[in-house]
Amino acid sequence: MGEHPDSALIRQGYEAFTKGDMDTLATLLTSDCVHHVPGNSPISGHHKGRDTCLRLYRRLHEETGGTLRIDVKHILADGRGHVISVHKFYADRKDRGLEMHEGMFFTIVGGKISDIDECHDDIEASDAFWRS
């Protein structure tokens with residue numbers, strides 16, 4: 001059996017994000033997509049709309065100076081428009097590094113990503129990394 005189309009969509013999103021390919025990412029998100037980032041840091045909150053999400057992704061790459069790397073561990077689809085992924089996030093920013101497991105819960109509508117809920121292994125460490 002091949003990969004479920006929703007899983008393939010998320011895998012394509014990870015590949016585009018890792019490369020900093022915002023043009024491809026834009027084609028994968030609904031215009032009203034929302035990305036929810038937990039915690040209490042400058043990147044936390046509800047990023048509403050495709051353009052706002054893309055600004056967040058550009059910022060992540062810019063603030064980590066090209067060191068951001070994602071190692072996808074699992075992508076699981078339920079066949080009803082939901083996908084869960086688990087990955088390991090690596091990045092350096094200023095004088096500190098972060099290496100952490102993260103999870104994402106995606107909602108797919110019409111073959112595009114409409115909602116992303118992000119979960120962190122250690123929210124406090126993530127907050128400290130982005131606040132520094």
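Residues numbered from 1 in each chain as written. Predicted model: local features only at pLDDT ≥ 70, side-chain atom pairs only at ≥ 80, totals over all residues. Heavy atoms only, no water.

Observations regarding the overall build of the chain
Alright, step 1. The secondary structure content of the chain amounts to four helices and six strands.
Alright, step 2. Along the chain, from the amino end to the carboxyl end, the secondary structure elements read α-α-β-β-α-β-β-β-β-α.
Alright, step 3. A compact globule built from 132 residues should have a C-alpha radius of gyration of about 14 Å, and the chain, at 14 Å, falls within 12% of that.
Alright, step 4. Dimensions of the chain, computed from the C-alpha atoms along their principal axes, are close to 45 × 30 × 25 Å.
Alright, step 5. Each of the 132 residues in the chain was classed as buried or not, and the buried ones make up 45%.
Alright, step 6. The long-range share in the chain, meaning contacts at least 24 apart out of those at least 6 apart in sequence, stands at 50%.
Alright, step 7. Carbon and sulfur atoms form 49% of the exposed surface of the chain, whose accessible area is close to 7,000 Å².
Alright, step 8. Within the chain, the 22 negative side-chain charges are centred at a point lying 3 Å from the centre of the 16 positive side-chain charges. (Helix = DSSP H or I, 4+ residues; strand = E, 2+ residues; numbered from the N terminus. Rg over C-alpha atoms; globule rule 2.2 N^0.38 Å. Buried < 20%, exposed > 50% of the residue type's maximum accessible area, 1.4 Å probe, protein only. Contact = heavy atoms within 4.5 Å. Areas by Shrake-Rupley, 256 points an atom, 1.4 Å probe, with all protein chains shown as cover. Lys, Arg positive; Asp, Glu negative; His and termini not counted. Charge placed at Lys NZ, Arg CZ, Asp CG, Glu CD.)

Quick word on the sheet that holds strand E2 (residues 45-48)
Alright, step 1. In space, the six strands of this open sheet follow the order E2-E1-E6-E5-E4-E3, with mixed pairing throughout. Unpaired on one side and paired on the other, E2 and strand E3 (69-77) mark the two borders of the sheet. Averaged over all pairs of adjacent strands, the angle between strand axes in this sheet comes to 15°, irrespective of strand direction.
Alright, step 2. Packed onto the sheet, helix H1 (residues 5-19) meets E3, strand E4 (82-93), strand E5 (96-109) and strand E6 (112-120) and runs at close to 170° relative to E3.
Alright, step 3. The strands touched by helix H3 (residues 50-63) within the sheet are strand E1 (29-37), E2, E4 and E6, with E1 carrying the most contacts at an inclination of about 50°. (Pairing = 2+ DSSP bridges. Axes fitted to C-alpha atoms, helices over the stretch in contact; angles between N-to-C directions.)

Quick look at the pairing of E6
A regular strand carries its side chains on alternate faces of the sheet.
Alright, step 1. Across four bridges, E1 lies against E6 in parallel orientation. If you follow His36 over to E6, its bridge partner there is Asp117.
Alright, step 2. As paired elements, E5 and E6 share eight bridges and run antiparallel to each other. Bridge pairing in E6 places Glu102 opposite His120.
Alright, step 3. In this antiparallel pair of consecutive strands, E5 and E6, the connection spans two residues, and Gly110 shows a positive phi of 60°.

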